[in-house]
Amino acid sequence: MGEFIRKMDWSATSVGDPVGWPQSLSTSVSICLNSRFPLLIWWGKDLVKIYNDAYCDLIAAKHPKAMGAKAADVWPEILPNVLPMLKGILKDGEATCLEDQLHVIERNGRPEVCYFTFSYSAIRDEAGNVGGIFCAVNETTKKVVAERKLSTLLNNLFIQAPVAICIFRGENYIVEVVNKLMLEFWGRTQNEVLTKPVFEALPEVKGQGFKELLDTVYKKGERFVAEEHPISLMRHGNMENAFVKFIYEPLREEDGTISGIMAVAHDITEQVVARKNAEESELHFRQMADLMPAKITNTNADGRVTYYNKNWKDYSGMSFENFRDFGYHKIMHPDEQEEFKKRFNKAVETGNDLEMEMRFLNTEGEYIWHLNRASPVKDENGKIKMWIGVTSEIQKIKNEGRLKDNFLSMASHELKTPVTTIKAYGQIAEMMLQEKGDAETLAVVSRMGGQINKLTRLIGDLLDFTRIQQGKLMYNESFFDFNEFMKGVVEDIRHTSVTHKISYIQSAGAQVFGDQEKLSQVVANLISNAIKYSPGAEKIVITSTLQKEGVELCFQDFGIGVRKEDQPRVFEQFYRVTGDTQSTFPGMGIGLYICAEIIKRHGGKIWVESSSDKGSVFCLWLPSDYRDKITGLAG
Ligand code: ADP
């Protein structure tokens, strides 16, 4: 640029030939040319421009025309803005500095919005008057645009943030910025709060502890976090209670002093209210559970106790911790612990209720009978998440049941003796009538004998039933030939059955260990049922097959059959599918129960296959020697 200036014809400008320049101008031009920072000199009343290389880059296409040209010719677009100031400097000689000044300039043939930071200082001539202005200029367009973008971005972030935010400025906590969510939380409009001290804008919040918290943050400069804080706000004319989680973050200036606080808040009213309602309802449940006569527990999915009611506490005398950790299982009667475990595992597996009669130890050291029932509570995917246990005392019912059993046992004993005597007298009468040759009376007495046999069987069943209940049914066991045994029993029954033909398809010979008399009772019972429940049919088919370790015996009839849903229950005591047709099918509902008990005692199985219209097939399987399988029963 020095070269360019030297070669220029300055005499054509109002500055004149450099030879005549005042020393201050020459020195200023020299400083200007030697600097790498954009520098410029405005000289004389026309403000003629002289500038350096760095400035040349800045004005682009305005060079070279700008060199030695008048301000009015070079900068017609900005002169109206800066001229008053330049004139002022020419007049008063006072230096000035302007930052990030916006100018729309045409340095590339089109208008551009640009920002500049200027410093102006006067250059005095020999006479001491201000002859021109020395100007350092820095373009700040990129910086200003970047700052604007950042500020817009931050502003948007702030306004659109998914949490309520605001900034309190100064010690009076003037609301400087606030977003929509915070306004919604406060129940106020922007106009009602912006630029106002927050406790003036929200007077109802005064005295709720927030001011003290803000003061501490302001003073100590430490962030404060509140997980849950109650607040009452006047929202749209109504006083409302809410709960808020919030953070107060101190805002610092560059020198570290605190000038404000940013508040970030989250309205957690719904969660808190829901939680409080859930507490309350739990309390309600507990009160209810304590008032119930039953013992109640809650356990997690694994069966670990999480709650017990007052009844359990009083009954067991255990603290909750003891009950949970050892107690519940410890106070179960040892005889039922194994079975309980089995049933619990089954209930877990199937997701069904558990139901079991079992004994629990009380504080007096007695085992008392209870009906223990546990129901699973499942989540939305059907997975068990907890169990609710209801345990009711049934000792009284058990005692009554025992009294009933004792009565039945006594009654059947008392009945047995006279019936046996009647039977004996009947047999004597038959013999006497036979001798006399009174055929007519003999026929009547024989029929009476048949009925006495039925009565004897019924009393026998009752006796067996009560003995089973009391665990007193005696077994007299030995090895016997199964086919011989079956043939004998079937033969005996054939004599008495006039309606049905009973066929027996026998297996290969087998030796079985067991009580022949009890097993013959089972066979007789199954045959008499087959006859009783197939009134229109003519035959019963009995088949025995040799199985690997025992014999299977099936009794097929062609009668009324047993519906699928009744099949598992017909072996229960007193269960009668045909209960409502008592007159057609009389019975006590204990025959199959006794059969099942006897077969179980022999280590076997009993089941029924049937379809309602085709009749039934009752089957049993007997192991050759149950003692091989079941230890402990053998003695
Ligand atoms: P019950 O004295 O009533 O015959 P059981 O214990 O022998 O008592 O039988 C229980 C119930 O099982 C009977 O009431 C009847 O409903 C059903 N049942 C038993 N055997 C048969 C069969 N062969 N066919 C159809 N139903 C049967």
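As the structure is a prediction and not an experimental result, all values here were calculated from the model.

Novice: Any chance you could explain the pattern of salt bridges here in plain terms?
Specialist: Inspection of the entire model under this criterion finds 38 salt bridges. Across the pair glutamate 176 and arginine 169 runs a salt bridge whose closest N-O atoms are separated by 3.0 Å. Given a relative accessible area of 36%, glutamate 176 falls into the partly exposed group. Accessibility expressed as a relative area gives 26% for arginine 169, which makes it partly exposed. Between arginine 467 and aspartate 464 there is a salt bridge, with its nearest N and O atoms 3.7 Å apart. Of this pair, arginine 467 and aspartate 464 both sit in helix H16 (residues 439–469), three residues apart, which is roughly one turn of the helix. We classify arginine 467 as partly exposed; its relative accessible area is 27%. Judged by its relative accessible area of 7%, aspartate 464 falls in the buried class.

Novice: Teacher, can you tell me more about the packing of aromatic side chains here?
Specialist: Geometry of an aromatic ring pair is reported as the spacing of the ring centres plus the angle between the planes. Under the criterion given, the structure shown has 27 aromatic pairs. For the ring pair tyrosine 308 and phenylalanine 320, a centre distance of 5.5 Å and an interplane angle of 55° mean the geometry is tilted. Taken together, the residues tyrosine 308 in strand S12 (residues 305–308) and phenylalanine 320 in helix H13 (residues 320–330) connect sequence positions twelve residues apart. Put simply, the rings of Tyr308, Trp312, Tyr315, Phe320, Phe323 and Phe360 pair up and form one aromatic cluster. One Lys or Arg, lysine 295, reaches over the ring of tryptophan 312 and ends 6.0 Å from the middle of that ring.

Novice: Sorry, what's going on with the packing of helix H15 (residues 395–436) against H16 here?
Specialist: Two packed helices can be described by the angle between their axes and the distance between those axes. It is the contact of H15 with H16, at a shortest axis distance of 8 Å, that shows an interaxial angle of 155°. Compared by their axis directions, H15 and H16 come out roughly antiparallel. Where H15 crosses over H16, the handedness of that crossing is left-handed.

Novice: What's the story with the state of the cysteines in this structure? I'm lost.
Specialist: By definition, a disulfide is the covalent link that joins the sulfur atoms of two cysteine residues. Across all of its chains, the model carries one disulfide by this definition. Covalently, cysteine 554 is tied to cysteine 619 through a disulfide, its sulfur atoms 2.3 Å apart. Taking the torsion about the S-S bond as the criterion, the cysteine 554 to cysteine 619 disulfide, at about 115°, is right-handed. In this pair, cysteine 554 is assigned in strand S20 (residues 550–556) and cysteine 619 in strand S22 (residues 615–623), connecting sequence segments 65 residues apart. Judged by relative accessible area, which is 14%, cysteine 554 ranks as buried. Unpaired in terms of disulfides, cysteine 56 finds its nearest cysteine sulfur in cysteine 32, a separation of 11 Å. Cysteine 619 supplies the cysteine sulfur nearest to cysteine 595, a cysteine that is in no disulfide, at a spacing of 13 Å.

What counts and what doesn't
Residues numbered from 1 in each chain as written. Predicted model: local features only at pLDDT ≥ 70, side-chain atom pairs only at ≥ 80, totals over all residues. Heavy atoms only, no water. Salt bridge = Lys/Arg side-chain N within 4 Å of Asp/Glu carboxyl O. Buried < 20%, exposed > 50% of the residue type's maximum accessible area, 1.4 Å probe, protein only. Helix = DSSP H or I, 4+ residues; strand = E, 2+ residues; numbered from the N terminus. Phe/Tyr/Trp six-rings, centres within 6.5 Å; stacked < 30°, edge-to-face > 60°. Lys NZ or Arg CZ within 6 Å of the ring centre and 35° of its normal. Axes fitted to C-alpha atoms, helices over the stretch in contact; angles between N-to-C directions. Parallel < 35°, antiparallel > 145°, perpendicular 65-115°, else oblique. Left-handed = near helix turned anticlockwise from the far one by under 90°. Disulfide = S-S within 2.5 Å.

None of this, on its own, says anything about what the molecule does.
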